[in-house]
Amino acid sequence: MSKMGVAKKRKASNIDTTTSKSDYQNSNLPPLASTYNDKIRPILDAIDKLRRLNVTQHSIPLPTIVVFGDQSSGKSSVLESLAGISLPRGQGICTRMPLIMRLMHQHNPEPEYRLEFKNKTVKIKDESQISEAISKATVEVSGDSKGISHVPLTLVVKKSGVPDLTMIDLPGITRVPVHGQPENICEQVSGIILEHIKPKESIILNVLSATVDFTTCESIRMSQRVDPTGQRTLAVVTKSDRSPDGLLEKVTTNAVNIGLGYVCVRNRSMVGIPVLAHKLVQIQSIIISKCLPDILEKINKRLDDLVMELNKLPQNLTTIPDAMSAFTQVIGSLKETLHKILLRGEFDDDLKNKDMCCNARLVEMVDELSKELHKNAKPSENFMLEEIHVLEEAKGIQLPNFLPEYVFLYLLQQKVSSISDLPKAFVNKVAGYIENICLKVLIDLCGNYPQLLSPMRKAAQNVMAKMKNKFLKRVSEMIEMEKITGYTCDPHFVDSWNGLKSAHYQLINAISALSESVHINGYGPAKIKHLFNAPMHIRDLAFDLKMRMTAYWEIVLNRMVDWLTLELRLMI
């Protein structure tokens, strides 16, 4: 490259590629170890401690530098150069799980290495053993298969001269499963990468090979999916010496929208590595400063929520008076809650649980019962056929054209018996619903007292079973009362009966005209062909009987619904 080319290269605002290995030690850049002063380093330690405490599982993301790239992009070499160690190498995917690398500068010339996973800490005596220790830990956590695991390993490196950084190394992007890898290895890798780069607190360190077209690079596509503006993405271009032609144009045009710029490196000669370390330290400092207030707020909010949940837990009951006090409190709360939702008809602000809107559900059950009862009251297909048959069988030595009372009573008993199962089914339905509501409330109130819940549930079920049986007995009595005699003081009965009887002329005219059907006011359509040959006095008595029963049956059905509703209220 010409001198003018070098000058042009150094003027590019978003490119950093300087210093050789000797420059790393003798440059005028601030020493990497001193980039964080004593006030900043404890904050980074605190962030790492929060990560070990798994606060991310409580929806509290932490600021993180996430390192990823295509396979063979030079990602491992970049990390090795930053940490001054050796990582596992080989064919296929070497990194099968997230590797959290915690680099810590220390003045002690003797380096310290340790590996943390599954609540275990493995001390590594020598740098040459790091790669083997990581490989063994990977097998222990993920097994011998070639699949990917979401469980992280944490590698702590304490040595003089390393930057204070915490990074997460992710598996390299692969496209075709090889060497016994699962068929869905590509989806596994993509899933774990997106999981780590999606949070807005993550800084994306995208490792690219200078030999590839950036615009078609899969790692670029993935980072653009979660960071379309590029404000969280820093690109590290490796193997710069292998494809120098056109590299300057690639990074200066920035066709792939890398917001934090490019750092071009040659790993083995350390060119660009100190600049990368310095830039990462600065970015890490900025992101922590930006996110820390929000993290503290989320932690305090979550802590308050947990304290509230803790305060809801009962105190340790060590004496009989304590247990009786808790029992009495539960009983009082149960009584008040049931009175609120079953009698006063109140409900919570959240209407999603419609089962707990008890009055509305009970009214629906009552309305359904009323519809079922009236559905069974629909007229028979052949008008007055049943009444004529009963009147013929009730003939006796008596004055003609007089309607015996027992004829009406017989028909009434038949109709009451035909619908007697409906009120009993209603009782079973509402009793089952109320029992479920009571048990839900009971479980909610004494769920923290498992030793109390079981006997209270059994006692509550016994009480409700007794009330249900009492209700069923009362229903049976009601049905028998309706069979004993026909009675009502409702003045509408006589008006209704007279109104129905006034339509008698419609029946006479239809029969005279030999019409097979007729529409009777107040009753509806009726087939009458079978009445052509019936004696006139029998037809007249049957019509009177039919209309009287029609008017009275409406009274009976409404009385049943009203009585069952009031009795239900009393049972509750």
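Attention here is on the structure that accompanies the text. If you're wondering where the values come from, they're calculated on a predicted model, not measured in any experiment. (Residues numbered from 1 in each chain as written. Predicted model: local features only at pLDDT ≥ 70, side-chain atom pairs only at ≥ 80, totals over all residues. Heavy atoms only, no water.)

## Details of the nonpolar core
- Core analysis: the largest hydrophobic core is formed by 75 residues, its most contacted members being Phe 383 and Leu 507.
- For this core, the leading source of residues is helix α18 (residues 536-571), giving 18 residues.
- With residues up to four places along the chain from it excluded, the contact list for Phe 383 reads Leu 507, Ile 520, Tyr 523, Ala 526, Lys 527, Ile 528, His 530, Leu 531, Phe 543, Lys 546 and Met 547.
- With 51 residues, the next largest nonpolar core counts Leu 99, Ile 124, Val 281 and Ile 288 among its residues. (Core = buried A, V, L, I, M, F, W, Y, C linked by side-chain atoms within 4.5 Å. Buried < 20%, exposed > 50% of the residue type's maximum accessible area, 1.4 Å probe, protein only. Helix = DSSP H or I, 4+ residues; strand = E, 2+ residues; numbered from the N terminus. Contact = heavy atoms within 4.5 Å.)

## A closer look at the pattern of salt bridges
- Inspection of every chain in the model, using the stated rule, returns 20 salt bridges.
- For Arg 114, the salt bridge identified is with Glu 116, shortest N-O distance 2.8 Å.
- With relative accessibility at 15%, the residue Glu 116 sits in the buried group.
- Residues Glu 201 and Lys 200 are paired through a salt bridge, measuring 3.0 Å at the closest nitrogen-oxygen approach.
- Glu 201 sits in the buried class, given a relative accessible area of 4%.
- Here the residues in one salt-bridge network are Arg 474, Glu 477 and Glu 567, joined through shared partners. (Salt bridge = Lys/Arg side-chain N within 4 Å of Asp/Glu carboxyl O.)

## A word on the side chain of Ser 209
- Structurally, Ser 209 is set in strand β8 (residues 202-209).
- Classification of Ser 209 as buried rests on a relative accessible area of 6%.
- A distance of 2.7 Å separates the side chain of Ser 209 from the side chain of Thr 211, its partner in a polar contact.
- Excluding its chain neighbours within four sequence positions, the residues that come into contact with Ser 209 are Ser 73, Phe 214, Thr 238 and Lys 239. (Polar contact = N/O pair within 3.5 Å; in protein donor to acceptor, adjacent residues only side chain to side chain.)

## Comments concerning the side chain of Thr 174
- Along the chain, Thr 174 turns up in the loop between β7 (165-169) and α6 (185-197).
- Since its relative accessible area comes to 7%, Thr 174 is described here as buried.
- In this structure the side chain of Thr 174 is engaged in a polar contact, spanning 3.4 Å, whose partner is the side chain of Gln 71.

## Regarding the packing of aromatic side chains
- The full count for this structure, using the stated rule, is four aromatic pairs.
- Ring geometry for Phe 214 against Tyr 262: centres 6.3 Å apart, planes inclined by 15°, an arrangement best described as stacked. You can see Phe 214 sitting in the loop between β8 and α7 (218-226) and its partner Tyr 262 sitting in strand β10 (residues 262-264), a full 48 residues away along the chain.
- Judged by relative accessible area, which is 4%, Phe 214 ranks as buried.
- Put simply, the rings of Phe 408, Phe 493, Trp 497 and Tyr 552 pair up and form one aromatic cluster.
- Taking the ring centre of Phe 214 as reference, the NZ or CZ of Lys 250 above it sits at 4.7 Å.
- The ring of Trp 497 carries the charged tip of Lys 501 above its face, separated from the ring centre by 4.3 Å. (Phe/Tyr/Trp six-rings, centres within 6.5 Å; stacked < 30°, edge-to-face > 60°. Lys NZ or Arg CZ within 6 Å of the ring centre and 35° of its normal.)

## Focus: the pairing of β8
- Taking burial as the measure, the eight residues of β8 include eight buried ones, the bulk of the element.
- Residues Ser 202, Ile 204, Asn 206 and Leu 208 line one face of β8 and the alternating positions Ile 203, Leu 205, Val 207 and Ser 209 line the opposite face, and both faces are buried.
- Note that strand β2 (residues 64-69) and β8 share six bridges and pair parallel. Bridge pairing in β8 places Phe 68 opposite Asn 206.
- Inspection of the sheet shows β8 paired to strand β9 (residues 233-238) by six bridges, in the parallel sense. Looking across to β9, one finds that Ile 204 is bridged to Thr 233.
- Taken together, β8, α7 and β9 form a β-α-β motif whose crossover is right-handed. (Pairing = 2+ DSSP bridges. Right-handed = clockwise from strand over helix to strand, strands pointing away.)

## Regarding helix α15 (residues 450-484)
- For α15, built from 35 residues, the straight-helix expectation of 51 Å at 1.5 Å per residue is met to within 8% by its first-to-last C-alpha distance of 51 Å.
- All buried positions along α15 are accounted for by Leu 452, Leu 453, Met 456, Ala 460, Met 464, Phe 471, Val 475, Met 478, Ile 479, Glu 482 and Lys 483.
- Turning to α15, the residues buried within the fold contact α10 (320-343), α13 (405-418), α14 (421-446) and α18. (Expected span 1.5 Å × (residues − 1).)

## A closer look at helix α16 (residues 491-501)
- Of the positions making up α16, those classed as buried are Phe 493, Trp 497 and Leu 500. Here the buried residues of α16 occupy an arc of 65° about the axis, which is enough to place them on one side. Exposed and oriented more than 90 degrees from the buried face of α16 are Pro 491, His 492 and Asp 495. (Arc of directions from axis to C-beta.)

## Digging into the environment of Val 122
- With respect to the helices, strands and loops of the structure, Val 122 is situated in strand β5 (residues 120-124).
- Here Val 122 falls in the partly exposed class, since its relative accessible area comes to 31%.
- For the pair Val 122 and Leu 155, spaced 33 residues apart in sequence, the C-alpha to C-alpha distance is 9.6 Å.

## Considerations on the environment of Glu 516
- Here Glu 516 lies in the loop between α17 (504-512) and β11 (517-520).
- For Glu 516 and Ile 528, which are twelve residues apart along the polypeptide, the C-alpha to C-alpha distance reads 5.3 Å.
- Residues contacting Glu 516, with those up to four places away along its chain left out, are Ala 526, Lys 527, Ile 528, Lys 529 and Phe 532.

## Focus: unusual backbone geometry
- A positive phi angle, near 60°, is found at Asn 119, a position not held by glycine.
- In this fold, Asn 119 is placed in the loop between β4 (112-117) and β5.
- Taking relative accessible area as the criterion, Asn 119 reaches 87% and is therefore assigned exposed.
- Positioned with a positive phi, Lys 239 is a non-glycine residue whose angle comes to about 55°.
- With respect to the helices and strands, the residue Lys 239 is situated in the loop between β9 and α8 (247-253).

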